[in-house]
Each structure stands twice: as structure tokens, then as C-alpha cells.
Amino acid sequence: RILTLFDGVRQEGQQWGDEHGIEVDKYLIEKVEVIKGPASLMYGSDALAGVVNLIPNPPSHVDKMSGNATTEYQSNNGMLGASLFLTGNKNGIEWGGRASKRKAADFQNAVDGRVYNTGFDETSANVFIGVHKKWGFTDLNVTLYDNLQEIPDGSRDSLSRKFTQQVTEADSIRPIVSEQDLKSYRIGVIHQRVQHYRAFLKNMFFFGNSRLSVNFGWQKSVRREYSHPEAPNQLTPGLYLQLNTINYDVKYFLPEVHRWAVAMGINGISQTNDVSAGTEFVIPSFSQFDLGGFLSVKKDFGKLDVSGGVRYDYRHFSSQDLYTKQNPNTGFEQAVNGAETVNAEKPFSAFNTQFNGVSMSIGLAYLVNKNWTLKANFSRGYRAPNVSEITANGVHPGTGFFQLGNDNFKPEFSLQGDLGIAYSSKSVNAGASFFVNQVSQYIFNTRLLNAQGTDSLSTSGSIEYPTFKYQQGNVLLYGMEANLDFHPIQRLHLENTFSVIYGNNHSFKGNEKNEHNRYVPFMPPLRYNGELRYDIMMPGKLFFNTFVKAQINYTATQNRVYNNENTETPTLGYTLINLGVGTAIKGKKRATLFNVYFMVNNVFDVSFQDHLSRLKYFEEFSASPNGRLGIYNMGRNMALKLIVPF
């Protein structure tokens, strides 16, 4: 329910899969912008809970060429990373590029040791060129991302708890993974390859005091999940998904008159997703078209700012028939068409539907005095169901279960109220905000059990998987977030953040409602993060921007779980301590030679499981000799980073 943008352009991969990360080079990102309230109306259906905008490194200053080289090492999984960035500017012509590489072996923790099949090998590149003049600007940005990512399944020997690996299609015998394989950088047979290509053109034109933004983008996402250990050359993908997306976004910002600021626009996507090249199918091939229009207004009344907006969204979704037969040469299922569909299986039938909805928001910000600000916001949100929620019917290797959708789903609608207070002074920045959100037709996942109260198993190939099915109902979400940044002296920084969210599930009535289904599934627990940083002023000329810091990350126990049908289990709380130090080294002409940073995360090697981690549920036994089930998160990790500017 959070929309991710890259430099203002919505990111389109295969977001319907919960375990999918964002296909972006982390070295490319300079900062992250979080958008809530009326501003999120500019982005569409999938921004029900807000927007996260990943903003890349800026181009060089006028008439200057610059760049940097970055190298990084992390001890836990032996991660090696390197990145080279170069940018220049001449007479308003901006250009630049970055190339990056990261690879890692399996990560480790005190409970599991090295967790088999968690390594990766990532390659990425980005180039851009733009013209910036008095009339506005036009920028062309092209990126590519290629990641080989292993897929863990958590299988183990019942006594030793050592990880085992799948070596045959029947999966009847699983040998224990050798220490050599656990430490190897070689990508295992069971893995996925994620390729993402993006090209987008951003334009801004100034007309007096007004401006017009016109953006177009093209994206191609190719995702292959290799799940056949005995396939020819071991390179026959199970899932093979090819998504093509066209982005369009036009906004017009009217001249500001009497402190009225008005913006309007249209945006959306047109996309197709082809799944027919695989041997396993969890969703059908489909086409989707989104169109949305918005109007946003802001008025400055001096101490009071009022902002609001309204948006209409339309989505047309169309999926295709999918017929499958067993390939006589490989023994795997394959998609067929034409005359070959005779006597073929038909896991998916053609389906057409459309969704539409209105969202709106109004926000107030009142400046009580130079220190205190009060904020309030009320909004109505909308989100259309995604392809998995309405059509899924198969196993996704990355999740380890069989997923079922429901084509009768309706869009989600939310009514949310927010109230916040903020304080700012020379030495203190603090704030707190509270929210209540009533979501109707909320979509959530439930594990299915059979009549005996055990897992309802679905078979794919020769393997049985637990079955999950999406449901829809009404929920109430409420919580708060707070921050306190305190600077008693200029060089000492004490920063604190706190957040908590609760979810009450009102989807069940009468005798259906019980202690097991009263909460909304997969709500994050209470969290507190604190950082104490001291900036060291060196009397000499060698070191500058030197700091030492200590962090504490506290996560509370989560007992408010949706354990209906064993869908979700409680998670114990934990406290992590991190330590870090960094400095810049100057040369003879006081120019920076390099920056070096050293960080130790989870100093005391605490064994913990994040409540929202799907790896927590990768467990085939009901008990273990050490009393620990599922896969635990990464243990102690020491990281060293060196950045050389030029």
C-alpha cells in the first residue's frame, strides 16, 4: 500500500510478490523522501498509505566535472561492494553515470550459523544527460539492474539442524549442505534472476509564473526463478515473468495568486505481463491500464496553511486464458496455444474487470508561534486489488506456499484522521503525530487448514505446499509516531524516534469472531530507535567531519497477531546496539582525499527474528532440539566503507 518512486517516477517490477525488493542500486540513492497527506494524491491508487521517493545523486555544479569511487566490505556475509560515479556540467548541459557491483555469500547468525542460499550477485548501471536553461529543463535517465539472488527454503536435518539442499526434482533425498558451499560466493541452482531496465524523460517548462511538468517512462522487468535442480544445464526457470510498463505523468502548476497555489494533472501506467515462458504459474499473463486525474490546492493565510485535493482513478485489468501441457522432453509443464490446447490443463481462464474510486484529503498547519506548530489532516484513500489478490492460483518458490486469489474483490477505501504537534528551537526538534484509519474491504492473507486442523496442502510437481487464500473485510488501524532531536551543545546530537501501530480486525461477526482473528495480520510491533553522535573537532589539519556514534534499536514483543489457522505467530522483542565512527582525510591543499567509515551492527550478536520476516516461517518441523524454529535475522556485522572523491 506504499508506492515507491525513483526520482519521481513510479517503480514497476513485480510488486504483487511480498518478498520482492526494489530494483535500485543503493549507491545511486542520495536521500529518501517520504510523502504523506494531500501531496500523495498526485500519485494514484497504490499510494493509499503514502509515497517513498528514492532521490539519486545530483549532477555536478555549473562548469565542473566531479565524481567519487566507493568500496565497501561487510563481515557477516563477506559482502564486497564497489561503485564509480562521474558527472559533469558545461553551459547547462548536465551528464553523468554510475556503475556498481555487489556480491555476498550466505549471511549468518548465532542460532542458524550460515543460512544456506541467501547470497547474491548484483550489477547495476545508470547514465543521464540533461539540458537546463531559463525556459526549464529536460533530462533523460537510463538505468539497468541485474541481480542473481538465491532463494532459501529453510529445510534442515531434524537433529543437527544443519541446512539441507534440494538436488532432485522428486526431492525425496536432501543431503546436508557442506561448509564449503555455505561460504561460497557461487550462486546456487535454486535462485532467481531479477533484471530491470528503465528509461525516463523528465521535462519542466516555465511559462511566466506557471510551470508544466511532462514525464514519460519505459520499464521492463524480467524475473526468472530457477526451481528445477535437474533441469538441462540447471537453467530452466520455474517462474518466468516479463513485465513491460509505460509511465505517463503530466502536471500543471498555476501561477500563485493571493497566496493560492493550484496544481492539476493526469498520470498512470499501461503495462503487460507475460508469464508463458515458465514451467510454473502462479498468476496469468495480463494487461493493465491505469488513468488518474487530480486537483491540488494550497492556501497560505499567514499563520495557517490549508492544503487539500481530490483525485479520481480508473483501472482496467484483463488476463488471458492459460493452457498447459507436460513437455515430453523435459517433463515440466509448459504453456501451449492453438491446436495444442486440446486435452490441456487450464489453470487460468480469461478475466476482465475494472476498478474506480475517488480519493481526497484536506490538511491544516497552524503556526502557534516561532516554536510550536499544530497539524491536522483528514483523508479518504483508495486502492485497487493487485493481480495476485484477484487471480493467484499456484506456488511462488520465493514464499514457500500455494497462493489463491479471489476475482470478486472490490477496491479498498480508507478514512483516516491525523493530528500532530511539532516543536523547533535552536537545540531541540520534537514532534508527535497520531492517526486513526478505518479501511473497508481490506485485503489480507489467511492460511487454510483441512478438516483435521492441519495444513491444507496443495501439490505442485512432486512437492506439497501449505495453502494461503486472500480474504477481504474491514479493519481499524491506529497508532502514533514521535521524534526528539536534542542538541545540548553544537557537537553533541541525541536523536530519537518512536512508532507504534495497532490493527483491529472487524471482518468477522458473531460466532465467527474469536481471540485468534481479532487482529490485523502482519502489523509491525512497537519500535524505538536512538542515536547519540559526537562530532570531534580536530586541532590538526589532517582529519575533519570526524564523528563517533552509538545506536540502540528496540523492538517490542508482538503478541497482537492473527493466529487464525496458524497464519501468524507471536514474535519476541529484542534490543540491538550499533557503534560507528567516521572521518574525512584532508590533503595538503585542504581538499578531501577520502572518507572512511566503520560500523558494527548488532554488537552483541543478538539472535532475533523480525516480526515481518517471511523467513521466520520457513520451518518444516513442529519442534527442534534448540527450541528455535524458522530462520533468524543477520547476526553481528562489521562494515567498512571508503569513498574517494575527485
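A.B. asks: For this particular structure, what's the right way to read the nonpolar core?
C.D. replies: Nonpolar side chains tend to gather and get buried jointly when the protein is soluble and globular. Membership of the largest hydrophobic core comes to 17 residues, with the highest contact counts inside it found for W16, I283, F317 and V387. Residues contacting I283, with those up to four places away along its chain left out, are W16, N273, V275, F348, V387, S388, T391 and A392.

A.B. asks: What should I look at first to understand the environment of L239 in this one?
C.D. replies: Along the chain, L239 falls in strand β14 (residues 239-253). Given a relative accessible area of 2%, L239 falls into the buried group. Residues L239 and H396 lie 157 residues apart in sequence; the distance between their C-alpha atoms is 7.8 Å.

A.B. asks: Help me understand the confidence of the model for the protein chain in this model?
C.D. replies: In low-pLDDT segments, the atomic positions of the prediction should not be examined closely. In this model, the protein chain carries an average pLDDT of 92, and 96% of its residues clear a pLDDT of 70 or more. For the protein chain, per-element mean pLDDT is lowest for strand β27 (residues 457-460), which scores 64, and highest for strand β8 (residues 108-109), which scores 98.

A.B. asks: Looking at this model, I keep getting lost on the pattern of salt bridges. Mind explaining?
C.D. replies: In a structure, side chains of opposite charge can pair up when their charged atoms sit close to one another. Across all of its chains, the model carries 26 salt bridges by this definition. The salt bridge partner of D171 is R174, with a shortest N-O separation of 2.9 Å. For R174, a relative accessible area of 25% translates into the label partly exposed. A salt bridge links E515 to R518, with the nearest nitrogen and oxygen atoms 3.2 Å apart. Taking the relative accessible area as the measure of exposure, E515 reaches 57% and is therefore exposed. Residues participating in the shared-partner salt-bridge network are R10, E12, D46, D290 and R315.

A.B. asks: Explanation requested: the environment of R590 in the structure shown.
C.D. replies: Within the secondary structure layout, R590 lies in the loop between β32 (574-586) and β33 (592-601). By relative accessible area, R590 is classed as exposed at 51%.

What counts and what doesn't
Residues numbered from 1 in each chain as written. Predicted model: local features only at pLDDT ≥ 70, side-chain atom pairs only at ≥ 80, totals over all residues. Heavy atoms only, no water. Core = buried A, V, L, I, M, F, W, Y, C linked by side-chain atoms within 4.5 Å. Buried < 20%, exposed > 50% of the residue type's maximum accessible area, 1.4 Å probe, protein only. Contact = heavy atoms within 4.5 Å. Helix = DSSP H or I, 4+ residues; strand = E, 2+ residues; numbered from the N terminus. pLDDT = per-residue confidence, 0-100. Salt bridge = Lys/Arg side-chain N within 4 Å of Asp/Glu carboxyl O.

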